[in-house]
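# Fold and contact review
Spelled out from the first residue to the last, the chains are:
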Amino acid sequence: MILRLFSLFLSQQSMAMRQTPLTCSGHTRPVVDLAFSGITAYGYFLISACKDGKPMLRQGDTGDWIGTFLGHKGAVWGATLNTEATKAATAAADFTAKVWDAVTGEDVLTLAHKHIVKSVNFTQDSNHLLTGGNDKLIRIYDLSKPEAEPQEIPGHTSAIKKALWCNNDKQILSAADDKTVRLWDRNSTEAVRTLSFDMSVSSMEYIPDGEVLVITYGKTIAFYNALSLDLIKTVDAPASIHSASLHPDKEFFVAGGDDFKLYKFDYSTKEELGKNVGLAGLSQPIVESYKGHFGPVHCVRFSPDGELYASGSEDGTLRLWQTAVGKTYGLWKCILPAEELASEISETPYCTAPEIKA
């Protein structure tokens with residue numbers, strides 16, 4: 001009897017470990033960027049950029065489609081929301097960045113550029129927009145003065161992939177195809193620090209709490225102090241990585257890339273999670289928890305509450321993944337085991353839902 005219960009317990013635990021991603025369809029081409037808003041009175045929201053030229057807004061915790069921003073005439077490479085989710089901004093191959101009313105979907109402002117725009121980022125007060133792209137210039141737009149010329153910051157020698165505000169909007173971080181990441185002073189527009197790499201940086205994430213900068217290049221995920229650009233640590237992944245994201249509590253981080261998988265690592269130990277040591281002492285996967293996409297993973301980000309992370313892929317879908325597998329949250333529902341098992345083994349929850357499409 002004890003052996004039977006123990007076997008059932010292990011079975012339920014195995015089920016509890018099974019990752020059940022929510023699949024968000026709607027895009028018709030690769031999803032190349034995504035961003036969450038902050039937590040608002042209505043929850044939090046998710047925006048996705050896609051090569052189909054139609055960025056989409058979704059409810060962040062469920063993936064439910066809210067609306068599509070129509071107006072770009074080329075692939076959209078970057079998308080972001082302000083903290084309150086009242087404004088959205090997009091960067092596109094039609095040589096424009098656009099600012100949208102995220103509530104009505106209205107195209108509020110179109111900002112003409114001289115080349116493809118790859119990155120957009122709001123200040124904390126939503127009054128200024130930072131852009132970067134293939135013309136190698138960082139631009140700062142005062143959204144209260146739409147007719148005014150933007151402030152331009154030259155310096156990069158190749159296309160800019162990402163430009164982000166940091167240090168309470170007093171500084172700017174940028175990553176470019178010239179194999180550098182640079183830290184700029186907003187007032188002087190001078191580069192105060194520069195990181196150089198042997199290859200182009202594939203992604204960059206800024207974590208204000210603790211001033212952490214997450215950079216990916218090749219198979220490497222690197223963490224830096226965002227103010228000094230001093231290296232904190234590096235981790236090598238099994239495949240070439242396109243994007244990585246650090247959990248808000250800095251307990252772990254996730255990464256995705258060429259091999260279609262999502263990898264989850266312990267931030268303090270750098271060990272890959274979801275692994276088990278077998279009898280032969282070899283590292284073995286417990287379950288196929290991090291498989292789901294049918295193409296390379298281009299972008300991954302944690303939600304503002306850290307309960308889930310979203311990924312966008314070459315396969316044209318977004319997927320939402322639980323941080324704590326087996327927890328009731330959003331569309332994920334956890335069911336307690338049968339009463340007879342529950343009477344013997346206290347509170348052993350498991351997830352029964354198949355893959356859910358949002």
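Placed above this text is the structure.
Figured I'd write up the structure that's included with this text. What you see is a predicted model, and the numbers here were worked out from it, not measured in a lab. Within each chain, residue numbers correspond to sequence positions counted from 1 in written order. Reporting in this predicted model follows two pLDDT cut-offs: at least 70 for local features of residues, and 80 or more for side-chain atom pairs to be given and counted; totals over whole chains, interfaces and linings ignore these cut-offs and use all residues. Each side-chain value is worked out from all heavy atoms of the structure, with water and hydrogens disregarded.

### Notes on the overall build of the protein chain
A tally of regular secondary structure across the protein chain gives two helices and 32 strands. Contact criterion: two residues are considered in contact whenever any of their non-hydrogen atoms come within 4.5 Å of each other. Long-range contacts, defined as pairs at least 24 residues apart, comprise 44% of the intrachain contacts of the protein chain with a sequence gap of at least 6. Counting every atom, the protein chain has about 16000 Å² of accessible surface; 52% of that belongs to carbon and sulfur. Segments assigned H or I by DSSP are reported as helices when at least four residues long, segments assigned E as strands when at least two residues long, and all are numbered from the N terminus. The accessible surface values rely on the Shrake-Rupley method and a 1.4 Å probe; as for residues, cover is taken only from the protein chains in view.

### Describing the pattern of salt bridges
A pairing counts as a salt bridge when a side-chain nitrogen of Lys or Arg comes within 4 Å of a carboxyl oxygen of Asp or Glu. One pass over the structure, following the stated rule, counts nine salt bridges. Here Lys-162 and Asp-33 are joined by a salt bridge, their closest N and O atoms 3.5 Å apart. Of this pair, Lys-162 sits in strand β14 (residues 160-166) while Asp-33 sits in strand β2 (residues 31-36), and the two are 129 residues apart along the sequence. With respect to burial, Lys-162 and Asp-33 carry one shared label: buried. Bridged by salt links that share partners, the residues Asp-135, Arg-139 and Glu-152 form one connected network. When a residue's accessible area, from a 1.4 Å probe over protein chains only, is under 20% of the maximum for its type it is buried; when over 50% it is exposed; and in between it is partly exposed.

### Side note on the sheet that holds strand β13 (residues 151-153)
Each strand in a sheet pairs with another by means of backbone hydrogen bonds, the pair being arranged parallel or else antiparallel. Here, any two strands with at least 2 DSSP bridges between them count as paired. Sheet architecture is open: four strands sit in the order β10-β11-β12-β13, paired in antiparallel fashion. Every interior strand has two partners, whereas the edge strands, β10 (117-122) and β13, have only one. With strand direction ignored, the average angle separating the axes of adjacent strands in the sheet is 20 degrees. Pairing analysis gives three bridges linking strand β12 (residues 138-142) to β13, with the strands arranged antiparallel. With axes taken as lines fitted to C-alpha atoms, and helix axes fitted only over the stretch in contact, angles between N-to-C directions fall between 0 and 180 degrees.

### So, the nonpolar core
Buried Ala, Val, Leu, Ile, Met, Phe, Trp, Tyr and Cys residues that are joined via side-chain atoms within 4.5 Å together make up what is termed a nonpolar core. Leu-173, Val-181, Phe-197, Met-204, Leu-213 and Ile-215 are the most contacted members of the largest nonpolar core, which has 18 residues in total. Sorting the residues of this core by element identifies β14, β15 (171-176), β16 (180-185), β18 (203-207), β19 (212-217) and β20 (220-225) as the ones contributing at least two each. With three residues, the top contributor of residues to this core is β19. With residues up to four places along the chain from it excluded, the contact list for Phe-197 reads Lys-179, Val-181, Ile-215, Tyr-217 and Tyr-224.

### Structural notes on the environment of Leu-46
Looking at the element boundaries, Leu-46 is found in strand β3 (residues 45-50). Its relative accessible area of 0% is what places Leu-46 among the buried residues. Once the C-alpha coordinates of Leu-46 and Ala-85 are considered, the two residues, 39 residues apart in sequence, prove to be 9.0 Å apart. Ignoring any residue separated from it by four or fewer positions in sequence, one finds Leu-46 in contact with Leu-34, Ala-35, Phe-36, Met-56, Leu-57, Arg-58, Gly-60, Leu-81, Ala-310, Leu-318 and Leu-320.

### Brief notes about the pairing of strand β5 (residues 65-68)
The sheet contact formed by strand β4 (residues 56-59) and β5 spans three bridges and is antiparallel. Paired with Leu-57 across the bridge in β5 is Gly-67. Hairpin connection between β4 and β5: a loop of five residues separates the two successive antiparallel strands, and Gly-63 in this loop has a positive phi of roughly 80 degrees.

### A closer look at the sheet that holds β2
Spatially, the four strands line up as an open sheet ordered β2-β3-β4-β5, and their pairing is antiparallel. On the outer flanks of this sheet lie β2 and β5, each paired with one strand and no other. On average, each strand axis in the sheet is inclined to that of its neighbour by 20 degrees, with strand direction left out of account. Here β3 runs beside β4; their pairing, made up of four bridges, is antiparallel. The residue of β4 that forms the bridge with Leu-46 is Arg-58.

### Observations concerning unusual backbone geometry
The phi dihedral of Asp-169 is positive, around 70 degrees, even though this residue is not glycine. Assignment of secondary structure puts Asp-169 in the loop between β14 and β15. Taking relative accessible area as the criterion, Asp-169 reaches 12% and is therefore assigned buried. The backbone phi angle of Thr-189 is positive, close to 60 degrees, even though this residue is not glycine. Topologically, Thr-189 is positioned in the loop between β16 and β17 (191-196). Using a relative accessible area of 21% as the deciding quantity, one classes Thr-189 as partly exposed.

### Considering the packing of aromatic side chains
Here a pair means two rings of Phe, Tyr or Trp (six-membered ring of Trp) with centres within 6.5 Å. Their orientation is stacked below 30 degrees between planes, edge-to-face above 60, and tilted elsewhere. Summed over all chains, the structure comprises 12 aromatic pairs. Summarising the aromatic geometry, the rings of Phe-302 and Tyr-309 are spaced 5.4 Å apart at their centres and angled 65 degrees between planes, so their arrangement reads as edge-to-face. For the ring pair Tyr-309 and Trp-321, a centre distance of 6.4 Å and an interplane angle of 10 degrees mean the geometry is stacked. A residue pair is termed long-range when its members are at least 10 positions apart, and Tyr-309 in strand β28 (residues 308-313) and Trp-321 in strand β29 (residues 318-322) qualify at 12 residues. Of the residues examined, Trp-321 reaches a relative accessible area of 0% and is grouped as buried. An aromatic cluster is built from Phe-223, Phe-253, Tyr-263, Phe-265 and Tyr-267, whose rings are joined through pairwise contacts.

As far as function goes, none of this settles anything; it's purely spatial.
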